[in-house]
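Below, each chain spelled out in residue letters.
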Amino acid sequence: MKKDKLYLFTLLAISFIVFIISYFSIHFLVETSAKNLLDIQINSSKREAKEISKLISFQLENGVKPEVLISNIQKSIENTNFESGFVCMFDWSGVEICHPDPKKIGKKTKPDDSFIRSVDDELNSEDFYKLLTTKKEIGGVRDFNDTSRDSEIIYLYPVKNSDWIIAAHANISTIEKQLQQLKFKFILIHALSGFSLILFTLIIVRFIGSFYEKDLEEKNEELIDEVLNFN
C-alpha cells in the first residue's frame, strides 16, 4: 500500500513539473515562431508594395497616362489570390482606385480597415503579434467579430509623382488559423513527449526501486535469522 502511494506521489510530482515546464516552453515557442511567421509576412508585403510603387512611378515618368496605368494595374491584380495577402491602390483621400475585388473600387477606405495610420507608421512583428493576441490596435480597440472583413492594411507606400498610395493587406483570418495550427502542433508534441517522459521516468523509478526493495528484503531476512539464532 505504501509503495502504491509512493508511486502515486511520484507520478503527481513528475506530472506537475512537466506541466509547468511545458506551459512556459509552449508559450515561448509559439510566440517566437509566430513572430517569425509575421515577420516574413510583413517583409513580403513591404517588398511587394515597394516594387509595385516603383514600377508605377517609373511608368508615370515615362509618359504613361494615369488612366491607362490604372487599367493595367487593375487587370494585373484583379481576382488575385487572397490567401495570404494582396495589394491595392487608393488616393490620398482614401478612395480605392485599384483593388483585387472590383466592387471595392470607388469606395473610401475606412480608418479601422488598417492597423497603421499613415505612410510613416511601421508595423513590426512584435506589434503585429500583440495586435492579434490582444485584439487591440494602436490608438483604440477594434471589433474583430466583424466577419465582413478578413484583411487588414499592414503597410502603406506612396507612389512617387502622384497622389496614389499602395496598400499591402494581410489576410488576418488565414494568419490566425496558421497561428492556431502552430499552437496545436506545439501542444500535441509537448503532450506526447511529456507523457512519454512521465511513463519512462516511472518505469526507471520502479526498476531502480525494485533493487533497493530486494536488498532491503534480504537484509530483513538476515536480521530475522540473526534474532532467531540469538534466541
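The preceding data block contains the structure.
Please read these numbers as outputs of a predicted model, since none were measured by experiment.

A.B. asks: Mind showing me how you'd approach the sheet that holds strand β2 (residues 96-98) here?
C.D. replies: Within a sheet, neighbouring strands are paired by backbone hydrogen bonds and run either parallel or antiparallel to one another. Pairing within the open sheet is antiparallel, and its four strands lie in the order β2-β1-β6-β5. Each end of this open sheet is capped by a strand with a single partner; those strands are β2 and β5 (151-158). Averaged over neighbouring strand pairs, the angle between their axes works out to 40° when direction is ignored. The pairing of strand β1 (residues 85-91) with β2 spans two bridges and is antiparallel. Across the sheet, residue Phe-90 finds its bridge partner in β2, namely Glu-96. The strands touched by helix α2 (residues 66-77) are β1, β2 and β6 (164-171); relative to β2, the strand with the most contacts, the crossing angle is about 75°.

A.B. asks: For this particular structure, what's the right way to read the nonpolar core?
C.D. replies: Within soluble globular proteins, side chains that are nonpolar tend to cluster in buried spots. Membership of the largest hydrophobic core comes to 31 residues, with the highest contact counts inside it found for Ile-56, Met-89, Phe-128 and Trp-164. Contributing elements (two or more residues each) for this core: α1 (2-61), α2, β1, β2, α3 (125-134), β5, β6 and α4 (172-230). Looking at this core, the element that brings in the most residues is α1, giving eight residues. Leaving out residues up to four positions away in the same chain, Trp-164 has contacts with Ile-56, Leu-60, Pro-66, Leu-69, Ile-70, Met-89, Phe-90, Asp-91, Trp-92, Ile-97, Pro-158 and Val-159. Formed by six residues, the second largest nonpolar core is a distinct cluster that contains Cys-88, Phe-90, Leu-156 and Ala-167.

A.B. asks: Looking at this structure, I do not really get a nonpolar patch on the surface. What am I missing?
C.D. replies: A contiguous nonpolar surface patch, about 800 Å² in accessible area, is contributed by Phe-16, Ile-17, Phe-19, Ile-20, Ile-21, Tyr-23 and Phe-24. Summarising the element assignment, Phe-24 is placed in helix α1.

A.B. asks: So what exactly am I meant to see when it comes to the packing of aromatic side chains here?
C.D. replies: Two measures describe an aromatic ring pair: the distance that separates the ring centres and the angle between the ring planes. With the rule as written, the count across this model stands at three aromatic pairs. Relative to Phe-24, the ring of Tyr-23 has its centre 5.3 Å away and its plane inclined at 85°; by these criteria the two rings are edge-to-face. Between the aromatic rings of Tyr-155 and Tyr-157, the centroid separation amounts to 6.2 Å while the plane-to-plane angle is 20°, which identifies the pairing as stacked. The exposure class assigned to Tyr-155 is buried, which follows from its relative accessible area of 4%. In textbook terms, an aromatic cluster arises when at least three aromatic residues are bridged by ring pairs, as seen for Phe-19, Tyr-23 and Phe-24.

A.B. asks: I'm lost on unusual backbone geometry in this one. Help?
C.D. replies: The phi angle of most residues is negative, glycine excepted, and most peptide bonds adopt the trans form. With a phi close to 65°, Asn-161 is a non-glycine residue in the positive phi region. Relative to the assigned elements, Asn-161 resides in the loop between β5 and β6.

A.B. asks: Explanation requested: α2 in the structure shown.
C.D. replies: Since one α-helical turn is 3.6 residues long, residues separated by three or four positions face the same way. For α2, which comprises 12 residues, the first-to-last C-alpha distance of 16 Å matches the rise-based estimate of 16 Å (1.5 Å per residue) to within 8%. Taken residue by residue, α2 has Leu-69, Ile-73, Gln-74 and Ile-77 as its buried positions. Projected down its long axis, α2 carries its buried residues within an arc of 135°, all on one side. In α2, the exposed positions that point more than 90 degrees away from the buried face belong to Glu-67 and Lys-75. Looking one or two places after α2, you find Asn-79, whose phi comes out positive at around 60°.

A.B. asks: When you look at the environment of Thr-201 in this model, what are you seeing that I'm missing?
C.D. replies: Relative to the helices and strands, Thr-201 is located in helix α4. By relative accessible area, which is 23% here, Thr-201 ends up partly exposed. Between the C-alpha atom of Thr-201 and that of Ile-14, which follows or precedes it by 187 residues, the distance is 8.2 Å. Within polar-contact distance, the side chain of Thr-201 engages the backbone oxygen of Leu-197 at 2.6 Å.

Rules of the game
Residues numbered from 1 in each chain as written. Predicted model: local features only at pLDDT ≥ 70, side-chain atom pairs only at ≥ 80, totals over all residues. Heavy atoms only, no water. Pairing = 2+ DSSP bridges. Helix = DSSP H or I, 4+ residues; strand = E, 2+ residues; numbered from the N terminus. Axes fitted to C-alpha atoms, helices over the stretch in contact; angles between N-to-C directions. Contact = heavy atoms within 4.5 Å. Core = buried A, V, L, I, M, F, W, Y, C linked by side-chain atoms within 4.5 Å. Buried < 20%, exposed > 50% of the residue type's maximum accessible area, 1.4 Å probe, protein only. Patch = residues over 30% accessible without salt bridge, like charges linked within 9 Å, V, L, I, M, F, W, Y side chains within 5 Å. Areas by Shrake-Rupley, 256 points an atom, 1.4 Å probe, with all protein chains shown as cover. Salt bridge = Lys/Arg side-chain N within 4 Å of Asp/Glu carboxyl O. Phe/Tyr/Trp six-rings, centres within 6.5 Å; stacked < 30°, edge-to-face > 60°. Expected span 1.5 Å × (residues − 1). Arc of directions from axis to C-beta. Polar contact = N/O pair within 3.5 Å; in protein donor to acceptor, adjacent residues only side chain to side chain.

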